[in-house]
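Results of the structural survey
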Amino acid sequence: MLRKLLIGTALASGFAFAAHAADVKEVQMLHWWTSGGEAAALNVLKEDLAKEGYAWKDVPVAGGGGDAAMTALKAMVAAGNYPTASQMLGYTVLDYAAAGVMGDLTETALKEGWDKSVPAALQKFSVYDGKWVAAPVNVHSVNWLWINKAVMDKIGGTEPKTFDDFVALLDKAKTAGVIPLALGGQNWQEATMFDSVVLSTGGPEFYKKAFNDLDEEQLKSDTMKKSFDNLAKLVTYVDPNFSGRDWNLATAMVIKGDALVQVMGDWAKGEFNAAKKTPGTDFLCYRFPGTDGSVIYNSDMFGMFNVPDDRKAAQVALATATLSKSFQSAFNVVKGSVPARTDVPDTDFDACGKKGMADLKAANEGGTLFGSLAQGYGAPPAVANAYKDVVSKFVHGQIKTSDEAVTELVKAIEDAK
Amino acid sequence: MTTVATQIKLTPEHNARPGASVRSHLQDALPKIVLAPSFAITIVFVYGFILWTIYLSFTNSKTFPSYAITGPRAYQRLWRWTFESDPPSSWYTSITNMGIFGFLYIFICLALGLFLAILLDQKIRGEGVLRPIYLYPMALSFIVTGVAWKWFLDPGLGLEQTLHQWGWTSFHFDWIKNKDFVIYTVVIAGVWQASGFIMAMFLAGLRGIDGEIMKAAQIDGATTFQLYRRIVIPLLRPIFLSAFIVLAHLAIKSYDLVVALTSGGPGGSAWLPSNFMYEFTFKRNEMAVGSASAVIMLMTITAIIVPYLYSELRERPR
């Protein structure tokens, strides 16, 4: 009986899946940019490639989000069926490069001069072991305030320059009966806001040592305690119903004028754009108080896989088109981010975009461009998520004091390293 | 003469046998050949991967599987986290939530399902309409249930907001936003979805009970309560077993409900072990820890289900 089963099994498994041979004139792309604005932005790239004779093929992802895409990618790579490129974030690129599955774009990079135009901090993630393995698409920055101008005018507020100014401004909104701070109580949003709070409280040097170098002395310092106290202060200004809210709903509160301000990365601008709001007249973008001159960034990258030689031409075409000035400008105008190379003209960008580009350039030259820990550009995912746990537990009251928070932070990061 | 005759008789039979035997062999084997693919798939994708997960839990796997055995470090970490209750570690939250959710979900579903089934069994009018109404939630996926209840329980959108608009402004129900109560909202949504199905199972069981026994008991002077307490419920024992198994596995694998309903809850306070496992394996690139937690889940469910199955299935054939 058992033998027959085994024979039957062998027969059935004879229908092995033939390896799917990819068309050499085709770019297979794994990404999760499916919302209206993002899809429109990607269309620019598709058209650029079509002009050179390359077809675009999306790799389908069930579920659609970034997590689902990364799970799908893991399965594809494990099966040896590499996409031409995949949207990737930070340390994921380095993980895959360490596993030896990434391609080598160094030749193209040198020809196009990426090493000079792409900020050095980004190259930490796009270059592995001296080889270019990814093409950065954009630079998002995290330390922004998004303010509803009508509400701001109503309460007579001005741009806050320090943390204390910011608290005073929030107080004004509270007195006027507006929700002062729109926050979505999900761990990544809380931690993203805390990135800015730490930079504001401790300054650039402190942020770098604590959140990029993970220096234990800094992580348990009084400055970090003060940062947690400041975060607790900010959380007193959110509405009671904030827990679990999605980030775009928090942005919508600011757009509608129910709330004064949101602390969020510049992808929030995409929501303002989609609602047909103009910077300067409908909404205001300021750097998080006390962080002007520094930029906390994250960046979307197209990781380039080690595809067979006959598919390399398509890959090079994709990489070249991705970092072309025209695409960088067109894409980032729509996406709300700024170009991943500093030599792109800012003529098409709105006021916030122009400021973002100038800030990026200055931060790159001044050495104040730092990876966001909450967004996975400060430390590997295990550490970044342990950090988000601590911040979120502090915001929601499982961790009760800033002393305890600092102890937990050190412990969690040590444990996850 | 007789021997010759038998020989002659035997020969054609001998000749006929091979053809018939191939066919009968084939007929014999056909069900097995047809079943073989699903058998193989089960062997590889269930038991094979269980073994693989156990193996991975003893390695140092991070983003990708690594195959060098490095010892039980993942289990040591989980063991340490098991006792970190203040502030609660994610693992501590997950397993205490599993206890709360598993117990309440199974208990309330069984109780409510039985109660509804007994009510529906009173030969009432309109049963054909009522039964599908209770059963219908089971047709929804956990994601749909989760999203619907998320809106319904949200103080700014659903129940609380509506009652405030109707004038009952002191009404307050914010469990879904409260780190200490969020797990109970998962129980509410889960019970809503599954109790109708359990009701249908009990109803089928009730319909299968011999009416003569009931009549005999009534003639002997049993009250309705005694009738159910002493006769009907003991007779429903096999249904309890099936319902328990169905509910237990639904409880253990509840993942999507937590995600859709609470997206993890405030500060991760609604996590169940399955959320922990997915989070660590795929988002935090700690595959060894994720595998170890999966193994613990498997051991827990084995420890509960196997003795129960054993005691229930052994007693029956008597």
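**Some details on the overall build of chain B**
- For chain B, the helix and strand inventory stands at 13 helices and zero strands.
- In chain B, the succession of helices and strands from N to C terminus is α-α-α-α-α-α-α-α-α-α-α-α-α.
- Here chain B has a C-alpha radius of gyration of 28 Å; the compact-globule value for 318 residues is 20 Å, and the former is much larger.
- With respect to the principal axes defined by its C-alpha atoms, chain B has extents near 110 × 70 × 35 Å.

**Focus: the overall build of chain A**
- The secondary structure content of chain A amounts to 19 helices and 15 strands.
- Expected size for 417 residues packed as a compact globule is a radius of gyration near 22 Å; at 23 Å, chain A falls within 12% of this value.
- Counting only residues that meet the buried cut, chain A has 51% of its 417 residues in that class.
- A sequence separation of at least 24 residues applies to 77% of the contacts in chain A between residues at least 6 apart.

**Observations regarding the interface of chain B and chain A**
- Taken together, the contacts link 26 residues of chain B with 31 residues of chain A.
- Counting only elements with at least two residues in the side of chain B that touches chain A, the list comes to α1 (2–57) and α12 (273–283) of chain B.
- Among the elements that take part in the side of chain B that touches chain A, α1(B) stands out by supplying seven residues, more than any other.

**Points about the sheet that holds strand β8 (residues 144–148) of chain A**
All names here are of chain A.
- One open sheet accounts for four strands, arranged β9-β10-β8-β11; its pairing is mixed. Each having just a single partner strand, β9 (179–182) and β11 (283–287) make up the two edges of the open sheet. Neighbour-to-neighbour, the strand axes of this sheet turn through a mean angle of 20 degrees, independent of strand direction.
- Here helix α13 (residues 247–256) sits on the sheet in contact with β8, β9 and β10 (259–263), set at roughly 140 degrees to β10.

**Observations concerning unusual backbone geometry**
- Backbone torsion omega between B:Asp86 and B:Pro87 reads -10 degrees, so that peptide bond is classified as cis.
- If you trace the backbone, B:Pro87 turns up in the loop between α2 (73–82) and α3 (90–120).
- At A:Leu214, a residue that is not glycine, the phi angle is positive and equals roughly 55 degrees.
- For A:Leu214, the location among the structural elements is in the loop between α10 (187–212) and α11 (216–219).
- What makes A:Leu214 partly exposed here is the crowd of 19 C-beta atoms within 10 Å.
- Even without being glycine, B:Asn285 reaches a positive phi, approximately 55 degrees.
- Following the sequence through the fold, B:Asn285 ends up in the loop between α12 and α13 (287–315).

**Re the sheet that holds strand β13 (residues 300–304) of chain A**
Residues and elements named next belong to chain A.
- Taken in spatial order, the five strands make up an open sheet running β2-β1-β3-β13-β6, and their pairing is mixed. Only two strands of the sheet have a single neighbouring strand rather than two, namely β2 (55–58) and β6 (134–136). Between one strand axis and the next, the sheet turns by 30 degrees as a mean value, whatever way the strands run.

**A short note on the pairing of β11(A)**
All names here are of chain A.
- Judged by which residues are buried, β11 turns out to be one-sided: Phe-283, Cys-285 and Arg-287 face inward and are buried, whereas Leu-284 and Tyr-286, on the alternate face, are not.
- Relative to β11, β8 is paired through five bridges, and the arrangement is antiparallel. Its bridge partner being in β11, Leu-145 is matched across the sheet by Tyr-286.

Criteria and thresholds
Residues numbered from 1 in each chain as written. Chains lettered and ligands numbered in written order. Predicted model: local features only at pLDDT ≥ 70, side-chain atom pairs only at ≥ 80, totals over all residues. Helix = DSSP H or I, 4+ residues; strand = E, 2+ residues; numbered from the N terminus. Rg over C-alpha atoms; globule rule 2.2 N^0.38 Å. Buried ≥ 20, exposed ≤ 12 C-beta atoms within 10 Å, placed from the backbone. Contact = placed C-beta atoms within 7 Å. Pairing = 2+ DSSP bridges. Axes fitted to C-alpha atoms, helices over the stretch in contact; angles between N-to-C directions.

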